[in-house]
Amino acid sequence: EVRETIYIWPEYFYINGGIDMLNQELKKTALNIHEKAKNRYNETYETTIKLCQALYDERKESLVLIRSIETLVSSIANRPKDFDVTLEQIHTERKNFRDTEEYAEKAQSETVKSGVGGAVGLGAGAAVAALGPSAAMWVATTFGTASTGTAISALSGAVAQKAALAWLGGGALSAGGGGIAAGNALLALAGPIGWSIAGASTAVTGLAVGIRNKKIADQAMEEAKKITVAAALLKETSAKVDDLREKTMILRDALQAMYKNDTQYLNADYAALDSSDKLALGTLVNNTLSLAEMLNKVVEGSDNG
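Residues numbered from 1 in each chain as written. Predicted model: local features only at pLDDT ≥ 70, side-chain atom pairs only at ≥ 80, totals over all residues. Heavy atoms only, no water.

Engineer: Can you lay out the overall build of the protein chain for me, pointing to particular residues and giving the numbers?
Structural biologist: Scanning the protein chain for helices and strands turns up seven helices and three strands. Reading the secondary structure of the protein chain in the N-to-C direction produces β-β-β-α-α-α-α-α-α-α. Taking all 305 residues of the protein chain together, 42% fall into the buried category. Partitioning the contacts of the protein chain with sequence separation of at least 6, the portion at a separation of at least 24 is 75%. Entry remark: accessible area of the protein chain is about 15,700 Å², with carbon and sulfur atoms responsible for 54%. (Helix = DSSP H or I, 4+ residues; strand = E, 2+ residues; numbered from the N terminus. Buried < 20%, exposed > 50% of the residue type's maximum accessible area, 1.4 Å probe, protein only. Contact = heavy atoms within 4.5 Å. Areas by Shrake-Rupley, 256 points an atom, 1.4 Å probe, with all protein chains shown as cover.)

Engineer: Explain the nonpolar core residue by residue, including any values.
Structural biologist: Counting 49 residues, the largest nonpolar core has Tyr-41, Ile-69, Trp-138, Leu-281 and Leu-284 as the members making the most contacts within it. Mapped onto this core, the elements with two or more residues apiece are α1 (24-74), α2 (81-113), α4 (133-143), α6 (206-262) and α7 (275-294). (Core = buried A, V, L, I, M, F, W, Y, C linked by side-chain atoms within 4.5 Å.)

Engineer: Report on the pattern of salt bridges, specifying residues and quantitative values.
Structural biologist: Overall, the coordinates contain 14 salt bridges when judged by the stated rule. Close ionic contact of Asp-243 with Lys-247 constitutes a salt bridge, the shortest N to O distance being 3.1 Å. On the criterion of helical spacing, the pair formed by Asp-243 and Lys-247 is a turn pair, its members being four residues apart in helix α6. A relative accessible area of 47% means that Lys-247 is categorised as partly exposed. Where salt bridges share partners, they join Glu-58, Glu-61, Arg-252 and Asp-253 into one cluster. (Salt bridge = Lys/Arg side-chain N within 4 Å of Asp/Glu carboxyl O.)

Engineer: Could you give an account of the environment of Glu-101, naming the residues involved and the relevant values?
Structural biologist: Relative to the assigned elements, Glu-101 resides in helix α2. Look at Glu-101 and you get buried, because its relative accessible area is 2%. In sequence terms Glu-101 and Ser-134 are 33 residues apart; their C-alpha atoms lie 9.6 Å from each other. Not counting residues within four places of it along the chain, the set of residues in contact with Glu-101 comprises Tyr-56, Lys-60, Met-137 and Thr-141. In terms of polar contacts, Glu-101 uses its side chain to reach the side chain of Lys-60, at 3.2 Å. (Polar contact = N/O pair within 3.5 Å; in protein donor to acceptor, adjacent residues only side chain to side chain.)

Engineer: Describe unusual backbone geometry, naming the residues involved and giving the relevant values.
Structural biologist: A negative phi angle is the norm for most residues apart from glycine, just as the trans form is the norm for most peptide bonds. Notably, Asn-78 is not glycine yet its phi reads approximately 55°, a positive angle. Mapped onto the elements of the fold, Asn-78 is located in the loop between α1 and α2. What makes Asn-78 exposed here is its relative accessible area of 55%. The phi angle at Asn-267 is positive, at roughly 65°, despite the residue not being glycine.

Engineer: Explain the environment of Asn-261 residue by residue, including any values.
Structural biologist: Here Asn-261 is to be found in helix α6. Spatially, the C-alpha atoms of Asn-261 and Ala-280 are 9.2 Å apart, while their sequence positions differ by 19 residues. Within the structure, Asn-261 has its side chain in polar contact with the side chain of Asp-262 (distance 3.4 Å).

Engineer: Quick rundown of the packing of α1 against α7? Include the residues and the values.
Structural biologist: Two numbers describe how α1 lies on α7: the axes approach to 10 Å, and their chain directions differ by 150°. Comparing their axes, α7 and α1 come out roughly antiparallel. You can see that α1 and α7 cross each other, and the crossing is left-handed. Contact residues: α1 offers Arg-59, Ser-62, Leu-65, Ile-66, Ile-69, Leu-72 and Val-73, while α7 offers Leu-284, Val-285, Thr-288, Leu-291, Ala-292 and Met-294. Broken down by class, the residue content of the contact of α1 with α7 amounts to 10 nonpolar, two polar and one charged. (Axes fitted to C-alpha atoms, helices over the stretch in contact; angles between N-to-C directions. Parallel < 35°, antiparallel > 145°, perpendicular 65-115°, else oblique. Left-handed = near helix turned anticlockwise from the far one by under 90°. Nonpolar A, V, L, I, M, F, W, Y, C, P; charged D, E, K, R; others polar.)

Engineer: Any chance you could break down the packing of aromatic side chains for me, citing the residues and the numbers?
Structural biologist: Centre-to-centre distance and the angle between the planes together describe a pair of aromatic rings. Across all of its chains, the model carries two aromatic pairs by this definition. Considering the side-chain rings of Tyr-56 and Phe-97, the 6.3 Å spacing of their centres and the 25° angle between planes classify their relative orientation as stacked. Pair noted here: Tyr-56 is in helix α1 and Phe-97 is in helix α2, with a separation of 41 residues, a long-range link. Exposure class is identical for Tyr-56 and Phe-97. Each is buried. (Phe/Tyr/Trp six-rings, centres within 6.5 Å; stacked < 30°, edge-to-face > 60°.)

Engineer: Go over the confidence of the model for the protein chain, please, and point to the residues and values.
Structural biologist: On average, the protein chain scores 74 in pLDDT, and the residues at 70 or more come to 62%. Per-element averaging of pLDDT across the protein chain places strand β1 (residues 6-8) at the bottom with 44 and α7 at the top with 97. For residues 1-17, every residue scores under 50 in pLDDT, and the model assigns this stretch 30 contacts once sequence neighbours within four places are set aside. Between residues 169-191, whose pLDDT stays under 50, and residues either more than four places distant or in other chains, the model counts 78 contacts. (pLDDT = per-residue confidence, 0-100.)

Written as structure tokens, this is what we have:
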């Protein structure tokens, strides 16, 4: 049985006892490794995008339920002051979520105006712009917005454009295909990775081809390492997004069942209710606040500024 043994030396590629003077096998092997790493990353990227959208959809459905419960509780006469305090907190959470959406809308608009939506760069800003207006929504609500100190909607001109680009541009993979910015969860928005290294020209000497192939192989392996790390971080981010989505869904489903049972209290007089009814309403109000707070939870590890 002949085993294939590979030794990588500075100039030549030894395989099965032979010398690959042009480093063709070395390049072929390195490119194959790079291709597999790229494919694994891109698969994880696609999964993450779908999960982020699913989380946003879950939150939008939760908003509808929360508003319905607010209407129900507000209709009850002689309700405890604690209910009103909690309703105000729920309203604040809803407003914060909507503010984030408005921030995203403005950031998307300013980014498009700045030309990032075209063939400008391969960073997160271009990727988000390419995904369309809805993408900016789930980007912002999943990962948070940049800490500019001022909402983009309150800014204007070049300042607004700069703020938008600072938010949408964070955490991108480098154009070369693998570098990541300081653990930023917005890595997810860098988009699928392509291949940017040109092949060796045939119009050069054998030695030059060998050196060229070795350079390509080295670069492919270096990028493969970076892409592998990026894929691992992205997979972790994906898992966190899915966990947040599942927790939101479980809480919303439970609250939906409570609301269905408690619609009987619409326009009721709290003073006339018995203790079990009052307990049911108190539980409904408290769980509604819990769901409202879930609206504004962002994925841990993201860079919010």
